[in-house]
Amino acid sequence: MAKLKIEDLEKITEEFKRKMTLREGAGRVKITVHLGTCGIAAGARKIMNSFMEEIEKSKATDIIMTTSGCAGLCSREPMATVEVIGNAPIKYVDLTIDKVKIIFDKHVMKGAFVQEYALSVGSEKIQ
Amino acid sequence: MSSETQNKAKEISEKWDNNPENIIEMMHDIQDEYKYLPREVIESLSNESNVPVSKILNIATFYNAFSLKPKGKHKICVCMGTPCHTLGAARVAEALERELKIKMGETTPDLKYSLEETRCLSACGLAPVVVIGEDLYGPATVPNIPKLLKKYEKK
Amino acid sequence: MINVNIDGKEIQIVEETTIVRAAESAGIWVPTLCYSELFEPYGVCRICSVEVIRGKRSRIVTACNYPLRDNGTKILTNSPRIQTIRKMIMELLLSRWPNVQIIKDIAEAVGVKEPRIKCLERDEDPNACILCGNCVNICKDVVKANVLSFENRGIKREISLPFDEKSDECIVCGACAHVCPTGHIKIKTLGYERGALQDWYLGPKTAINIPTLQAVPRVPIINEEACIKMQTGGCGICSTYCEPEAINYDAKDEEVEIEVGQILLTTGYQTIDLKQMPQYGYGRLDNVYSSLEFEHMLNSTGPTGGTILCKDGSVPRAVGIIHCIGSRDENFHKYCSRVCCMYALKFAHLVKDRTPAEVYQFYIDMRAFGKGYEEFYKRLLDEGVNMIRGKVAEISEGYLTNGEKPFLMVKCEDTLIGKFREIPVDMVILCPAIEPQFDASNIKKIFSISQSPDKFFLERHPKLDPVSTMTDGVFIAGCAQGPKDIPDSVAQASAAAARILSLISLGEVAVDPIKAEVADEYCSGCRICNSLCPYTAISFEEEKKVSFINDMLCKGCGTCVSACPSSAITGKGFTDKQILAELEGILSV
Amino acid sequence: MKPYTIQLMICAGTGCVSNQSFEIKEVLEKEIKKHNLQNEAMVVTTGCNGFCGAGPIMVVQPDGIFYQYLKVTDIPYLVEEHLVKGRPVKKFMYVPPKEEIPIPRMNKIPFFSGQTLVALRNRGMIDPEFIEDYIARGGYRALAKVLTTMSPDEVLKEIKKSGLRGRGGGGFPTGVKWETCKKIPGDRKFVICNADEGDPGAFMDRSIIEGDPHSVIEGMIIGAYAIENVREGYIYVRMEYPLAIKRFNIAVQQAKDNGLLGDNIFDTNFCFDIKVRRGAGAFVCGESTALMASIMGNPGEPRAKYIHTVEKGLYDCPTCLNNVETWANIPQIVLKGADWFTGIGTGDVTHDPWGGSKGTKVFSLAGKVNNTGLVEVPMGITLREIVFNVGGGIRDGKRFKAVQTGGPSGGFIPESLVDLPVDYDELTKVGSMMGSGGMVVLDENNCMVDMAKFFLRFTQDESCGKCVPCREGTKRMYDILYRITKGEGKEEDLDLLEELSNMIVESSLCALGGSAPNPVLTSLKYFREEYLTHVRDKKCPAKVCRELLTFSIDPEKCLENGHGCGVCEKNCPDGAIYGEKKNVHFIDSMKCGKCGVCFDVCKFGAITVE
């Protein structure tokens, strides 16, 4: 194995940063896709995959992507919650792949939430 | 002196560069190999590594890791750390003594079990702890002892 | 140099001096148990604890190994704090080893009478091991034999030999016994195996000694077999004590080549190994001595200062002197050793003179052949020495039922009265046969001389030429030629010396002209001649790969000349050409 | 790098491994594959999580859901519920004592929320067998900083300024030790990491090596750089820690492979290497001179010398020895600065390095406390906070009696001192010591005489036997305590104990002997009454000393609750219990060997002990 140089430390850190950010639960943005039975039936997995693609494309390392159970509003699935840390989480409903792109671009990357797709501002939090 | 023990001693000594300073590591290897330090091997090792027999014996009897007597197939260690003590390790030890009909530090006549006390194993969360062979059990309670031993009856 | 204050006394000492030494120079006693000047302080008994005050800080340290470094250090060797510590330590030691003298002494000195502590490991033995570690330290650090070591730890700690057995590594230097403060370690003589009188032998018994009182030059030598430095590389204490630095461990035996014209062989004799005859109990029974050992005892510089004593220190009640041990014996030597009868008589005289003991002489025939010898024999008969004619069959140990000390029972046949007798004695002196040195046949080969059937060197002619040998320039004298006493040896040696001097005074010596000669250019190096030469005159020169003939040894016998396959050897002054020329000369007349 | 959405962090410390955490990992991976989630969920084995009493432990990130007491058979259900359906499973969560509602998130559990992590900063966050994990968490950054931007003197200055004190026992200021070692002339010097953590009830060093070995390596390299002329380092690990030895060997190999150990580290001309040595089972080898003797292949006996090991240590060369936790603190101090470090803890160390206790300390909390495990808290936190907040209070609602700190060299701290701030000096003042940080909580059912006897038995077993006070003295003390617990004690014995203790403290050769009597001295100081009850009344108030107890059967409970089941009779090894089935049983006090088996086997609490 090659000898490490100081610059390599940063490279490794970058490479593993997403893994670590997730582990530490301390990213800048946290996206939760609700993968309850109803959500999956409504295509939430597709939504999740497209979020993941977007993250991949953006090369951002400070975004936590996770899943959770049924959000309780089965009729408006697929749903996702986007939380820019420090701000109230926003729940988006009736998502499609196109909507995901817009939300990702505007909210996740630029921090301005997309009012027209949102269900509410703030929601219940796990204790 | 049989050539087998001599070769073993030679092999181990060479693994540690025949360096007398590594004698403890060499003895660890012998202990792992034979489960005790047979006299023949000690004498061969002394020849190979240039460490006097007297010193090897001094080390062997000083450290708990080594034994000059053969040990049982299953080594049962009762942890005697403080947390284990506060939670009744002495009672567990007695129960084992009763069950195996031997005292601490002894080996059953059929060479199946050896019973030993051991220093804190640092699994204090599981106190009191009993280790049989490689397996660690905790918390060990007096009524559970016979059940625990049954597992090893056929092994 | 720094100034320190010990118990109020201001003293000046060299930096790094230990407190024990500093206190000693101030005349203050600090109790010690595990301290010895022979090795680095071990510092484990803690009885030498003292209080050291530097500035405001006070500490308890051990005096044996605490190096004084700072000017103005104050030391209290007997403060109340120290007293309590010492008392407690002594209570601990005394409760475990109540009868060991050194512990009792120190305990008394620090004011402990009866320990308050009950000890489960109590050991009543007055010679008990108190685990001071002196023996281990000296064996490990000074002697470097690494025989003794500690085993186990904590309260189970003990000192032992590996596997509790006699160790091959032990060089029996005795250093451990020397430093043991309680006498727990004893050096055991292993009876038969090592010889009952090992420390009574003539000659060196310590590593450094003056070989004999009459030695010239009278300087000490190191006995390599007994010297720890030479055996293990340890010790070396003598060099630290020798002020003129005269000790050189590296001096080695070396081979020196000296060119000489003549050689006198006086290699002497040895006495027969008495252990070949177990019936006499030598080396097995106490108080059975060889004549040389007894001679050593008689010597005023010997182990007993010249008094005749049994091994237990008592004066013998009866002494038996047995002649012809191995001489005039079909099983060993058929010849008579010549000297025994007379020294046996001398022994008898001295025993009579120095002790009230009864003396028995067991002889086969009394041979008092020299001038005044017969008179001496007569005198002894008058002194009341018991003469028993007969060979001794066995010596065994006898016991009395009343528990008195055991004696030696000599069983023999008295041929004068024709009866079998058993005679109790306290001491037996055996007169061993004189025999050639064990390596006599080696010497024979080197000098190409001959041995008689009894293996003594053979003279050229018993009557006409008793000091020279078949090899020119090699002479013999003394017991190398055959058993004889001192006057005879001196006479023979003088004769040999005279022969040698007569040759030297000639200046030039005429040698026989006829010798063999090797022509190097023809010699194939086959070495056939080398082994054929009866005078070992031919050797092989490795460099030139040819055989070479020593002119001095060659007798011109011609064996090699006829044997040489390549006709490389010719007789010098006796060549074919010469013989033919001589023949031609005769025929031409 | 795949963007996993869920990471399952399974604890692979010794405690959890012995409870099958590796098997759980296998089943987890199988189940995840079965549900086709391998691209979303990742299973990570981490070092010791710290909450060892609740093992095996798994933390699901990023939400930080904490699962405890897992079994292999629970896994399919857990995967189905949590990973597939997204519903965290309540029944595996932590429930605070005396409450019913579980706390799902790890950082909300008081055991974790009360802690400040410095030495344990990577616990549960990295896989100790991957150097990349460590680097990704900021590892080896301190080393890079030191080698490229700081001179050795600057590093030393920073460490001195931080006021870090040795975490192994005595609390010697680390900076001062390094400075002394640096000043001694010599071109061959050593650094040693003491991982011979022998104190019973202490396991922080094991946990750090198992969970974050690289932090120790980094600390040692920085130390070697600061002290100068150090090219060789040793770590001496107890042989009782096979997992720690394995992980450390892996870590050293990885560091070598990556050029972080060896020649010309980070292309500077600085060279350093570390060797791993196994101990052989001797407590005394935790003492520095004994440890060095052991590294050199000798019996681990301390050396009787008044020359410190920083001057003449390993191979008679200047040697700097620190313990695992101390080394693990170094990178953080370098990275975050001394001022950050001095912000935590007590006292003032700007002028006097002994003036305070800075930073955090890892304690292993064990004994009769609800939450056993490793806790790292700032210096100066009170005992009460540790025991009752972090530790969750005493088990089974029993009364808190004392805390034993510092292992066999430490002492007991009674309930009355529960508000004592925990730092080096406060603990020493009350007669105990920080030690390596073992903290064993005792309740009303622990007998102090018995505890003192326990520790004395330990020290006298582990005494090397070299010097008289320790070899003979501790054994005599044990004998006296043994007599007292058997009811054969006399009042004079207590004075004799004290006298013996003082002598041993003052005159022993090494620190093992010098601190061995501490448990006796502190228990005598704070619990003298309890000793007197043993001696005068021949009673053990805590009902531990068996020779002083009588066993009997409560007839009502035996009949009403147990219906005379006869289990006690069957199990009594002395045949001292008799009675008909379905009738009340009795104990023959003459025959009773006081083994306590009946008490253990009776499910109805009918056996009474007095």
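The model shown is predicted, which means the values in this text are computed figures rather than measured ones. (Residues numbered from 1 in each chain as written. Chains lettered and ligands numbered in written order. Predicted model: local features only at pLDDT ≥ 70, side-chain atom pairs only at ≥ 80, totals over all residues. Heavy atoms only, no water.)

Visitor: Got a minute to help me understand the pairing of strand β2 (residues 9-13) of chain C in this structure?
Guide: Consecutive residues of a regular strand have side chains that alternate between opposite faces of the sheet. Residues and elements named next belong to chain C. The pairing of strand β1 (residues 2-6) with β2 spans 5 bridges and is antiparallel. Following the sheet pairing, V4 is matched in β2 by I11. Counted along the chain from β1 to the antiparallel partner β2, the turn is 2 residues long, and its residue D7 has a positive phi close to 45°. (Pairing = 2+ DSSP bridges. Helix = DSSP H or I, 4+ residues; strand = E, 2+ residues; numbered from the N terminus.)

Visitor: Sorry if this is basic, but what is going on with the interface of chain C and chain B here?
Guide: A common way to state how big an interface is: give the accessible area lost once the parts meet. Facing the 11 residues of chain C at the interface are 12 residues of chain B. Around 1,100 Å² of area is buried between chain C and chain B when both sides are counted, 54% of it from carbon and sulfur atoms. Its salt-bridge partner being R39 of chain B, residue E165 of chain C comes within 2.9 Å of it at the nearest N-O pair. Linking chain C with chain B are 6 residue pairs in polar contact (both at pLDDT 80 or more). (Contact = heavy atoms within 4.5 Å. Buried area = accessible area lost by both parts, 1.4 Å probe. Salt bridge = Lys/Arg side-chain N within 4 Å of Asp/Glu carboxyl O. Polar contact = N/O pair within 3.5 Å; in protein donor to acceptor, adjacent residues only side chain to side chain.)

Visitor: Help me understand the sheet that holds strand β16 (residues 392-398) of chain C, please; the structure alone is not making it clear to me.
Guide: Pairing between the strands of a sheet is mediated by backbone hydrogen bonds and can be parallel or antiparallel. All names here are of chain C. Strand order in the open sheet formed by 3 strands is β16-β17-β18, and the pairing between neighbours is antiparallel. Only two strands of the sheet have a single partner each, and these edge strands are β16 and β18 (419-425). Between one strand axis and the next, the sheet turns through 20° on average, direction left out of account. Summarising the sheet, β16 and strand β17 (residues 407-414) pair through 6 bridges and their orientation is antiparallel. By the bridge assignment, V392 is partnered in β17 with C412. (Axes fitted to C-alpha atoms, helices over the stretch in contact; angles between N-to-C directions.)

Visitor: What's the story with the arrangement of the chains in this structure? I'm lost.
Guide: The top pair by number of contacts, from a total of 4 pairs of chains in contact, is chains B and D. At no point do chain A and chain B touch; the closest pair of C-alpha atoms across them sits 25 Å apart. In this assembly chain A lies apart from chain C, the nearest approach of their C-alpha atoms being 47 Å.

Visitor: Explanation requested: a negative patch on the surface in the structure shown.
Guide: Residues E224, E225, D253 and E254 of chain C make up a contiguous surface patch of negative charge. By secondary structure assignment, the location of E224 of chain C is in the loop between β9 (221-222) and α7 (228-232). (Patch = residues over 30% accessible without salt bridge, like charges linked within 9 Å, V, L, I, M, F, W, Y side chains within 5 Å. Areas by Shrake-Rupley, 256 points an atom, 1.4 Å probe, with all protein chains shown as cover. Lys, Arg positive; Asp, Glu negative; His and termini not counted. Charge placed at Lys NZ, Arg CZ, Asp CG, Glu CD.)

Visitor: Hey, could you run me through the sheet that holds strand β2 (residues 113-118) of chain B in this one?
Guide: Residue and element names in this part refer to chain B. If you walk across this open sheet you meet the 4 strands as β2-β1-β3-β4, and the pairing is mixed. Each end of this open sheet is capped by a strand with a single partner; those strands are β2 and β4 (135-137). Taken pair by pair, the neighbouring strands of this sheet meet at an average axis angle of 20°, ignoring direction. Sheet topology places strand β1 (residues 74-79) next to strand β3 (residues 130-132); 3 bridges connect them, and they run antiparallel. Of the residues in β3, the one forming a bridge with V78 is V130.

Visitor: How do you make sense of the nonpolar core when you look at a structure like this?
Guide: Note on soluble globular proteins: their nonpolar side chains tend to be buried together. By size, the foremost hydrophobic cluster in this structure holds 115 residues, and its most contacted members are Y63 and F66 of chain B together with Y531 of chain D. Sorting elements by how many residues they give to this core places helix α2 (residues 80-96) of chain C first, with 8 residues. When neighbours within four sequence positions are excluded, F66 of chain B is seen to be in contact with I24, M27, H28, Q31, L37, I59 and A60 of chain B together with A280 of chain D. (Core = buried A, V, L, I, M, F, W, Y, C linked by side-chain atoms within 4.5 Å. Buried < 20%, exposed > 50% of the residue type's maximum accessible area, 1.4 Å probe, protein only.)

Visitor: Whenever I open this one, a nonpolar patch on the surface confuses me. Can you help?
Guide: A cluster of nonpolar side chains, contributed by F574, I579, L580, L583, I586 and L587 of chain C, occupies part of the molecular surface with about 630 Å² of accessible area. Note on placement: L580 of chain C falls in helix α16 (residues 576-588).

Visitor: I keep staring at the environment of L100 of chain B and nothing clicks. Help me out?
Guide: Residues and elements named next belong to chain B. With respect to the element layout, L100 can be found in helix α6 (residues 89-100). Remark: the alpha-carbon pair of L100 and M80, spanning 20 residues in sequence, is separated by 19 Å. In contact with L100, not counting residues within four places along its chain, are I76, T108, Y113, L115 and L149.

Visitor: What's the story with the interface of chain D and chain B in this structure? I'm lost.
Guide: Contacts between the two partners involve 59 residues from chain D and, on the opposite side, 38 residues from chain B. Between chain D and chain B, roughly 3,900 Å² of surface is buried when both sides are summed, and carbon and sulfur atoms account for 53% of that area. Note that E462 of chain D is salt-bridged to R119 of chain B, the shortest N-O span being 2.3 Å. Across the chain D-chain B interface, the total number found is 19 residue pairs in polar contact (both at pLDDT 80 or more). In terms of residue class, the side of chain D that touches chain B is made up of 28 nonpolar, 15 polar and 16 charged. (Nonpolar A, V, L, I, M, F, W, Y, C, P; charged D, E, K, R; others polar.)

Visitor: Is there a simple way to explain the state of the cysteines in this structure?
Guide: Here, the word disulfide means a covalent bond between the sulfur atoms of two cysteines. One pass over the full model with this rule turns up 0 disulfides over all chains. This cysteine, C526 of chain C, is not joined by any disulfide, and C529 of chain C carries the nearest cysteine sulfur, 6.0 Å off. Looking at C526 of chain C, the relative accessible area reads 37%, which means it is partly exposed. Here C193 of chain D is not disulfide-linked; the sulfur of C320 of chain D is the nearest cysteine sulfur, at 11 Å. (Disulfide = S-S within 2.5 Å.)

Visitor: How should I be thinking about the environment of T118 of chain B in this particular structure?
Guide: Residue and element names in this part refer to chain B. Along the chain, T118 falls in strand β2. In this structure the C-alpha to C-alpha distance between T118 and Y36, which are 82 residues apart in sequence, comes to 17 Å. Apart from residues no more than four positions distant in its own chain, T118 is found in contact with C77, V78, C79 and M80.

Visitor: I'm lost on helix α11 (residues 373-383) of chain C in this one. Help?
Guide: Side chains of residues three or four places apart in an α-helix project in the same direction, reflecting 3.6 residues per turn. Residues and elements named next belong to chain C. Inspection of α11 places F376, Y377 and L380 among the buried residues, and these make up the whole buried set. Burial along α11 is one-sided: seen end-on, the buried residues are contained in an arc of 100°. α11 presents E375 and D382 as exposed residues on the side facing more than 90 degrees away from its buried surface. Elements in contact with the buried residues of α11: α10 (340-354), β14 (358-363) and β15 (386-389). Remark: G384 follows α11 within two positions and exhibits a positive phi of approximately 95°. (Arc of directions from axis to C-beta.)

Visitor: Would you mind going over unusual backbone geometry with me for this structure?
Guide: Outside of glycine, negative phi angles account for most residues, and trans bonds account for most peptide bonds. Even without a glycine there, the phi angle at K101 of chain B is positive, about 60°. Given a relative accessible area of 72%, K101 of chain B falls into the exposed group. Despite not being glycine, Y140 of chain D has its phi angle at roughly 60°, a positive value. For Y140 of chain D, a relative accessible area of 0% gives the class buried.

Visitor: Would you explain the side chain of K475 of chain D in this entry?
Guide: One can find K475 of chain D in helix α18 (residues 468-485). Filtering out sequence-adjacent residues up to four positions away, K475 of chain D remains in contact with L120, E121 and I155 of chain C together with Q460 and C470 of chain D.

Visitor: Explain the pattern of salt bridges to me, please; I cannot follow it from the model alone.
Guide: Between side chains of opposite charge, a pair can form when the charged atoms approach closely. Going through the model one piece at a time under the given rule, you end up with 80 salt bridges over all chains. As a salt-bridge pair, D8 of chain A and K11 of chain A come within 3.6 Å of each other at their nearest N and O atoms. Residue D8 of chain A and its partner K11 of chain A are located together in helix α1 (residues 6-24), separated by 3 residues, close to a single helical turn. The exposure class of D8 of chain A is buried, given its relative accessible area of 17%. Here E121 of chain C makes a salt bridge to R476 of chain D, at a shortest N to O gap of 2.3 Å. Of this pair, E121 of chain C sits in the loop between α3 (101-110) and α4 (134-142) while R476 of chain D sits in helix α18, each in a different chain.

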